[in-house]
Amino acid sequence: MSWKCKLHGRVWKLGGNVDTDQIFPGYAMAAPADKFKDYALAGSEIPDFAGRVQAGDIIVAGENFGCGSSREQAPVALKAAGVGLVIAKSFARIFRRNAINIGLPVLVCDLEQQVENGQEIEVDLVAAEVTICARGEKIRATILAANVLQTLEAGGLIAKVRKQLKIS
Amino acid sequence: MNQIEGYLAMAAGKDEVHNGDDITVKVDLAIAHDITGPMAVEQFKKIGVGQVFDMKKVVFVLDHIIPAATVEAKVLHNVLREFSKRYGVKLYDKGEGVIHQVIAEKHRLKRGSILIGADSHTCTAGAYGALAIPVGATELAATMATGTLDLEVPEICEIRIDGKLKPGVYAKDVILHLIGHFGTAGFTDQGVIYTGSLMDQLTMDDKMTISNMGIEMGTMISYFADPDQSVGRVKEVYTFKTEDIPASVACPPNPGNVVRAADLSSTKISQVVIGSCTNGRLSDMLVAAEVLKGRKVAEGVTLLIIPASVDIAQQMEDQGLNRIFREAGGVITSPGCGPCFGAHMGLLAAGDVAVSTTNRNFPGRMGHRDGKVYLASPRLAAESAIAGTIVSPGQVVPLGGLADELEV
Ligand code: SF4
């Protein structure tokens, strides 16, 4: 799998309490899987996000990112649209787990006030460290649990379960 | 250990578990619906096992977009039909109702059982003492293969509520009040145990309304204590008195934005929704019918009545509630989720304002991002439908009638 523990991308700031209806609206829920990416953040303050995001871009949000529904379409759409990482001050439980399970890294870090939209940042997932490229400033994030790193390294939960069940 | 930890330990085959422990629990029932199920099925197939861990312990319900509103939705139904046929798992595909209600009616688990569901309101089953944990489609797929779930034992808090509810105040107001108090992330990654003398007066319907919205405070588990066991050690006990709980409304843009109903009058509305896994049960319909009997829905207001299950729909018919709703000017839809999550059957346009007994009011939840949703009890919703504005219970129809007695 394409496990990359060092990421580099442009920042999209999103604010606090971004719920799953904003990340992936209910009306899109029946869409076929190859269209999910077109609806990424369609219900948010950046409804045209899907058309503007570039591969590797990084979402930087406030508290409780991904609150609301259990729809896995939300992290899947973000990942498919090209988002490489979501950083938030805190995450809702199900979104956080869903993201990790599908291999979209998430990092807990209070970063929003310290970066600007479009700024480039570098992130080391294992060291849990964010570097703001322009200033060279380094900011600590919360270390990811060992089993989370394992899941991400395996490329998601399905691959991990296959390993566990010894299906090759 | 407290009650939740005790049952988690049992499910993990351990003598004791404590907050922070990584454990693997045996799952008693794994559920999904027409939106999350197809994705779980796809992920399950990627695992490559030939069968689910136990055919009797996997259940799918078509409830979110039934009847199919689009061709795509029908494709999702067909995915689950095919899968259930091939793998022998139970599928409710006749519009039996909202998943959480169907599970409560047909698959009610014993206290302490582990239910996982690819739907955030799986927590509803905490009303009858199940440890009900919402998951995503991929996690459900993994459980469908292994029969287990990996989790970290959460911190557990107790919410203790004593007293009797004031007239015009319902289970919905209790949970709205709590969400307003603790905020939408108040219990992220935590479990909550409900205790206190109020619990003895609540019906199962009431308890389901309260546990249903636990996820709106971020809870991992919402659980009603077994009154015959001691609660055990918890991280924190929060106490509330019912006399401090008013009729409440959650205003846009999220369920934590809660105010007293009395502070909201003169907000004009264009739609009222009575239904959902939060408040679509018979007791809710009885309260609404009592209010609407012999009265008319205000001009410019669409009233939608959505029974949470086909059993409830049948009882509504048997008890003559449907006639009351129709004569009042309401639209009764087939059982299911209806417009609750914004896919079909009653969407809002920009500028519309709805009072809804559902559980979420995020921007766009019921249609256009600039349509507004206020969350409230069936009583408040029904009275508001008549008034055409958001009112407090008792303002349009005096309190103390049959509706109040029925609720107790
Ligand atoms: S009624 Fe609403 S909240 Fe309940 S399961 Fe259906 S969409 Fe979800």
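Residues numbered from 1 in each chain as written. Chains lettered and ligands numbered in written order. Predicted model: local features only at pLDDT ≥ 70, side-chain atom pairs only at ≥ 80, totals over all residues. Heavy atoms only, no water.

**So, helix α5 (residues 137-146) of chain B**
Note on helix geometry: an α-helix contains 3.6 residues per turn, so any two residues three or four positions apart are oriented the same way.
Residues and elements named next belong to chain B.
Step number 1: The buried count for α5 comes to 9 of 10 residues, which makes it a mostly enclosed element.
Step number 2: Three or more residues of α5 are buried, namely A137, T138, E139, L140, A141, A142, T143, M144 and A145.
Step number 3: Note on α5: the residue one or two positions beyond its end, G147, has a positive phi of about 80°. (Buried < 20%, exposed > 50% of the residue type's maximum accessible area, 1.4 Å probe, protein only. Helix = DSSP H or I, 4+ residues; strand = E, 2+ residues; numbered from the N terminus.)

**Comments concerning the sheet that holds strand β2 (residues 29-33) of chain B**
All names here are of chain B.
Step number 1: The strand order across the open sheet built from 5 strands is β4-β3-β2-β5-β6, with neighbouring strands paired in parallel fashion. The sheet terminates laterally at β4 (90-92) and β6 (131-134), the two strands that pair on one side only. With direction set aside, neighbouring strand axes in the sheet form an average angle of 20°.
Step number 2: In the sheet, β2 pairs with strand β5 (residues 114-117) via 3 bridges, with the strands oriented parallel. (Pairing = 2+ DSSP bridges. Axes fitted to C-alpha atoms, helices over the stretch in contact; angles between N-to-C directions.)

**Some details on the domain arrangement of chain B**
All names here are of chain B.
Step number 1: The domain boundaries assigned to chain B delineate domain 1 (22-152), domain 2 (153-245) and domain 3 (250-405).
Step number 2: Each of domain 1 and domain 2 has a C-alpha centre, and these two points are 26 Å apart.
Step number 3: Here domain 1 meets domain 2 over a buried area of about 1,600 Å², counting both sides, of which 63% is carbon and sulfur.
Step number 4: Where domain 1 touches domain 2, the interface holds 0 salt bridges.
Step number 5: Counting across the interface, domain 1 meets domain 2 through 7 residue pairs in polar contact (both at pLDDT 80 or more).
Step number 6: Those elements that place two or more of their residues in the side of domain 1 that touches domain 2 are α4 (99-106), β6 and β7 (148-152).
Step number 7: Looking at the side of domain 1 that touches domain 2, the element that brings in the most residues is β6, giving 4 residues.
Step number 8: Residue classes in the side of domain 1 that touches domain 2 are distributed as 11 nonpolar, 7 polar and 3 charged. (Domains from an automatic or database assignment. Buried area = accessible area lost by both parts, 1.4 Å probe. Salt bridge = Lys/Arg side-chain N within 4 Å of Asp/Glu carboxyl O. Polar contact = N/O pair within 3.5 Å; in protein donor to acceptor, adjacent residues only side chain to side chain. Nonpolar A, V, L, I, M, F, W, Y, C, P; charged D, E, K, R; others polar.)

**A look at the side chain of R360(B)**
Step number 1: With respect to the helices and strands, the residue R360(B) is situated in the loop between β17 (353-356) and β18 (372-375).
Step number 2: Within the structure, the side chain of R360(B) is placed 3.1 Å from the backbone oxygen of G68(A), a separation counted as a polar contact.
Step number 3: In this structure the side chain of R360(B) is engaged in a polar contact, spanning 2.9 Å, whose partner is the side chain of S120(B).
Step number 4: If we skip the residues at most four places from it in the chain, R360(B) touches G68(A), S69(A), S120(B), H121(B), I215(B), E216(B), P255(B), R365(B), V373(B) and L375(B). (Contact = heavy atoms within 4.5 Å.)

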